[in-house]
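Structural overview for review
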Amino acid sequence: MKRRFLSNGVPLGILLCLAVGSASAGTYSRELNGMDPSSTVKIIVKRNGAARSAYPAGTTVQKLADLSDGSELCSASVKDAIALAKTSSIEHVAVNHLVQGTGVAVPVYDYMPQAIQPNSQVTFANYGQGTNIGVALIDSGVTPNLDLIGSVKYSQSFVAGEDTKDYYGHGTHLAGLIAGKGLLSLFGYGNNYHGVSAGANIINLKVLNRQGQSDDATVIAAIDRAVALKSQYNIKIINLSLGRPVYESWKTDPLCQAVERAWKAGIAVVVAAGNAGRDDTAGTNGYGTIGSPANDPLVITVGAINTEHTAKRGDDLMTTYSSKGPSLIDHVVKPDLVAPGNKLTGALSDDSFLANNVGAQIVPSPFGQAPNYVVFSGTSGAAAVTSGAAAAVLDNEDLTPDQLKARLMKTASKLPRTSYFVTTRKLTNDLFTVGAGYLNLDAALAAKGKKAFTIPATMNAASPAAVILRTAGGKVTIVVSSTVWGSSTVWGSSTVWGS
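Residues numbered from 1 in each chain as written. Predicted model: local features only at pLDDT ≥ 70, side-chain atom pairs only at ≥ 80, totals over all residues. Heavy atoms only, no water.

**Digging into the overall build of the protein**
- Helices and strands together make up the secondary structure of the protein, namely 12 helices and 23 strands.
- Summed over all atoms, the accessible surface of the protein reaches about 18,600 Å², with 54% contributed by carbon and sulfur. (Helix = DSSP H or I, 4+ residues; strand = E, 2+ residues; numbered from the N terminus. Areas by Shrake-Rupley, 256 points an atom, 1.4 Å probe, with all protein chains shown as cover.)

Have a look at this one:
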């Protein structure tokens, strides 16, 4: 089934620009072609199932580690990496990229809980929401505090030389948005800073170091660890508020393949869209800036909307920094939806890199004691809010990852397809900016058992691809085709995208 959309104000050049560099599938990441052949690069080598022979003698290829999916982390010169990909035993050679956390923002109340649950009384934390649903937080670690007491059920560090505490200051904030109990703000603050699902459990898998950096291989190891721990900790959700640019198709990108393994193992993966919406270096007005693994069709990709510091949703506007689709190379329609992400108040990891950063928005303690909360902006927070909402839905109803994704998208509040200015930047609420709309947890919970807002457990909810159909007057008509993904027909309905 196909649904046609006239992208409001998106010029043809944007889609054509995004198509540039869409090389046909090969046996190595094409970015290697642009590197100095003599330079050394870390690579992820995927074999094709043949016997594991030693790497060719007389080359610079050196094995560094075995990865959990059977691939190998190696180092080699660029020239030898390309040559290696041409041998019969190798399926694909990819660059082991740097991965970065996706969020860094006079503290005011964000009204996040009220914004996503407009029909509920959420002044204080709902301890029954998300009960015993495991959320694997793959981030910079979690520093324990009273707001997260009893929430962190397992911790493991994949960062050499660092324990599981949060020295960057990113993961603790996200954990508070997902499952914070708000105990530290019960008195004196004027507002209760709690998470979406205070009953959820956090599985703390640390991959970002104290500078907020990691690499593909480390993140992949943590994703596969979450899959291994799934049954023990009832892990239903992985939160990835991190990413990096898209360098190759999701079909061969090792990071995308890792999130696909988790999804197919029964874990919904929520990913931040990225904060590159202001990037106009390609002349696209921020379109085509979705990162990886947010570009993977299966995952729930989340952009950031601004609550404007009020409880009502009618005045909320998109943030200028939220990355826009479609994805590079594959033109996957992203983000899937948007959620509050601007100036969100969450738990503070004291003496962390971000807390000590110039401009950090620390919430003062009303009693002159050490502060407990910090304000950050970014799609990182929007992803965490969505993970908390997903935990509440899964506590309310047993759904597959695809059913959960369809539920959140079908029940998202549809935003008017209008254009407006935020400061000096023009934004349009098109499907590449807001996806299916604004996360509405109340609507998602109320849709339990309703056929119109549920898909069969066997149905695929992978995000569709966008294809240029024709041009008229400088505008682009886009076909969103579910036939790309096989039997799924969920994307043919206006209940998903709005009108």
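After that view, the rundown keeps rolling.
**What to know about unusual backbone geometry**
- Looking along the chain, the bond that leaves G325 and enters P326 is cis, with omega of -10°.
- Relative to the assigned elements, P326 resides in the loop between β15 (317-318) and β16 (337-340).
- Positive phi, close to 55°, is recorded for N285, a residue that is not glycine.
- With respect to the helices and strands, N285 occurs in the loop between β13 (268-272) and β14 (300-306).
- Overall, the relative accessible area of 40% leaves N285 in the partly exposed class.
- Positive phi, normally seen in glycine, also occurs at K343, with a value near 50°.
- Among the structural elements, K343 can be located in the loop between β16 and β17 (344-347).
- Judged by relative accessible area, K343 falls into the partly exposed class, the value being 35%. (Buried < 20%, exposed > 50% of the residue type's maximum accessible area, 1.4 Å probe, protein only.)

**With respect to the nonpolar core**
- Counting 76 residues, the largest nonpolar core has I138, I223, I238, L240 and V269 as its most contacted members.
- Here this core gets 10 residues from one element, more than from any other, and that element is helix α8 (residues 379-396). (Core = buried A, V, L, I, M, F, W, Y, C linked by side-chain atoms within 4.5 Å.)

**Some details on the sheet that holds strand β6 (residues 98-101)**
- Spatially, β10-β6-β12 is the arrangement adopted by the 3 strands of the open sheet, whose pairing is antiparallel. Each edge of the sheet is formed by a strand with only one pairing partner; in this case those strands are β10 (213-215) and β12 (242-243).
- Here 2 bridges tie β6 to β12, and the two strands are oriented antiparallel to one another. Residue pairing across strands places Q100 opposite G243, the latter belonging to β12. (Pairing = 2+ DSSP bridges.)

**Considering the packing of α8 against helix α9 (residues 401-410)**
- Direction vectors running N to C along α8 and α9 enclose 110°, while the axes themselves pass 11 Å from each other. In terms of axis orientation, α8 runs roughly perpendicular to α9. Crossing geometry of α8 relative to α9 is assigned as right-handed. Between α8, through T386, A390, V393 and L394, and α9, the contact on the second element is made entirely by L404, R407 and L408.
- Its residues placed into classes, the contact of α8 with α9 shows 5 nonpolar, 1 polar and 1 charged. (Axes fitted to C-alpha atoms, helices over the stretch in contact; angles between N-to-C directions. Parallel < 35°, antiparallel > 145°, perpendicular 65-115°, else oblique. Left-handed = near helix turned anticlockwise from the far one by under 90°. Contact = heavy atoms within 4.5 Å. Nonpolar A, V, L, I, M, F, W, Y, C, P; charged D, E, K, R; others polar.)

**Structural notes on the sheet that holds strand β19 (residues 373-376)**
- Read from one edge of the open sheet, 3 strands run β17-β19-β18, paired in antiparallel fashion. Both outer strands of the open sheet, β17 and β18 (361-363), are each paired with one neighbouring strand and no more. Between one strand axis and the next, the sheet turns through 35° on average, direction left out of account.
- When β18 meets β19, the two strands line up antiparallel, connected through 3 bridges. Directly across from Q361, in β19, lies its bridge partner V375.
- The sheet contacts of helix α4 (residues 171-179) involve β17 and β19, and relative to β17 the element is tilted by about 105°.

Geometric descriptors of this kind do not, in isolation, establish any biological role.
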